[in-house]
Amino acid sequence: MYAEKTGSCACGSVTFKVIAPSTYGACHCEMCRRWCGGIWMGVVCEEVVSITGTVIEWKSSKIASRGFCGDCGSSVWHKPRHTQKFTFGQGLFDDQSDWRLTRELFDELRPNHYALAERGQKAFTGWGTLWAALLGRLPR
Ligand SMILES: [Zn+2]
Ligand SMILES: [Zn+2]
């Protein structure tokens, strides 16, 4: 179910309004872990309605770039090059009720000292991870 949702970074200078689902994915890869200091949890947004503040884009690899707040450094979004869809950090959203973790990406790279509490989601590895990240939804 898509709806208009709002969010902001830690210092409040970046605020955004997006059309987004109520589901999100978690990524266990090393890049995400280092980029945000832990598990990256992202919401693949259908549309970015508006965004304020300074988001600095960083090309993190050949296939994707990431945006962070120019004032506080909060990890704001991730965007694969071959899609127009931005994945915003789930933790940035104002309303934290009624969300559902539906997929875990790069599960084979997950450090063995933790596991997510909710195990109803589907864990993807390898190419399945890229596919799930691009489409932001589960296979039917
Ligand atoms: Zn900020
Ligand atoms: Zn990742």
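Refer to the structure above for everything that follows.
From a predicted model like this one, the values you see are computed outputs, not experimental measurements. (Residues numbered from 1 in each chain as written. Chains lettered and ligands numbered in written order. Predicted model: local features only at pLDDT ≥ 70, side-chain atom pairs only at ≥ 80, totals over all residues.)

> Explain the overall build of the chain to me, using residue names and the numbers behind them.
Of the regular secondary structure elements, the chain holds 2 helices and 11 strands. Listed N to C, the secondary structure of the chain is β-β-β-α-β-β-β-β-β-β-β-β-α in terms of helices and strands. The C-alpha atoms of the chain give a radius of gyration of 14 Å, which matches the 14 Å a tight globule of 140 residues would have. Along the first, second and third principal axes, the C-alpha set of the chain runs to 35 × 30 × 30 Å. The buried share among the 140 residues of the chain stands at 34%. For the chain, long-range pairs separated by at least 24 residues make up 54% of all intrachain contacts whose partners lie at least 6 apart in sequence. (Helix = DSSP H or I, 4+ residues; strand = E, 2+ residues; numbered from the N terminus. Rg over C-alpha atoms; globule rule 2.2 N^0.38 Å. Buried ≥ 20, exposed ≤ 12 C-beta atoms within 10 Å, placed from the backbone. Contact = placed C-beta atoms within 7 Å.)

> Lay out the sheet that holds strand β8 (residues 75–80) in plain terms, naming residues and giving numbers.
With mixed pairing, the 8 strands of this open sheet are ordered in space as β6-β7-β8-β9-β4-β3-β10-β11. Pairing within the sheet leaves two strands with one partner each, and these edge strands are β6 (55–59) and β11 (122–123). For β8 and strand β9 (residues 87–89), the ladder comprises 2 bridges, and the chain directions are antiparallel. Each bridged residue has a counterpart across the sheet, and for Trp77 the counterpart in β9 is Phe88. (Pairing = 2+ DSSP bridges.)

> Run through the environment of Leu105, naming residues and quoting values.
Tracing the sequence through the fold places Leu105 in strand β10 (residues 100–105). Overall, Leu105 belongs to the buried group, with 24 C-beta atoms counted inside 10 Å. On a C-alpha basis, the gap between Leu105 and Phe88 in space is 15 Å, while along the polypeptide they are 17 residues apart. With residues near it in sequence (within four places) discarded, Leu105 still touches Gly25, Ala26, Cys27, His28, Cys29, Phe124, Thr129, Ala132 and Ala133.

> How would you explain the nonpolar core if you had to name every residue and give the values?
Ranked by size, the top nonpolar core spans 28 residues in total, and within it Cys27, Val43, Cys45, Val76, Phe88 and Leu105 carry the most contacts. When contributions to this core are tallied by element, the ones reaching two or more residues are β2 (15–20), β3 (23–27), α1 (30–36), β4 (40–44), β7 (64–69), β8 and α2 (126–135). For this core, the element with the most residues is β4, which contributes 4 residues. Residues within four places of Cys45 in sequence aside, it is in contact with Val18, Ile19, Ala20, Lys85, Phe86, Thr87 and Phe88. (Core = buried A, V, L, I, M, F, W, Y, C linked by C-beta atoms within 7 Å.)

> Please set out the environment of Gly37 residue by residue, giving values where relevant.
By the secondary structure assignment, Gly37 is in the loop between α1 and β4. Sequence-wise, Gly37 and Lys122 are 85 residues apart; in three dimensions their C-alpha atoms are separated by 23 Å.

> So what's going on with the pairing of β6? Which residues, and what values?
Consecutive residues of a regular strand have side chains that alternate between opposite faces of the sheet. By the criterion of burial, β6 is predominantly exposed, with just 0 of the 5 residues buried. By the bridge criterion, 5 bridges tie β6 to β7 in an arrangement that is antiparallel. If you follow Trp58 over to β7, its bridge partner there is Arg66. Counting the residues in the hairpin turn of β6 and β7 gives 4 residues.

> Let's hear about unusual backbone geometry: which residues, and what values?
In this structure, Asp98 is a non-glycine residue whose phi angle is positive, near 65°. Among the structural elements, Asp98 can be located in the loop between β9 and β10. Phi is positive for Phe106, which is not a glycine, with a value near 50°. Among the structural elements, Phe106 can be located in the loop between β10 and β11.

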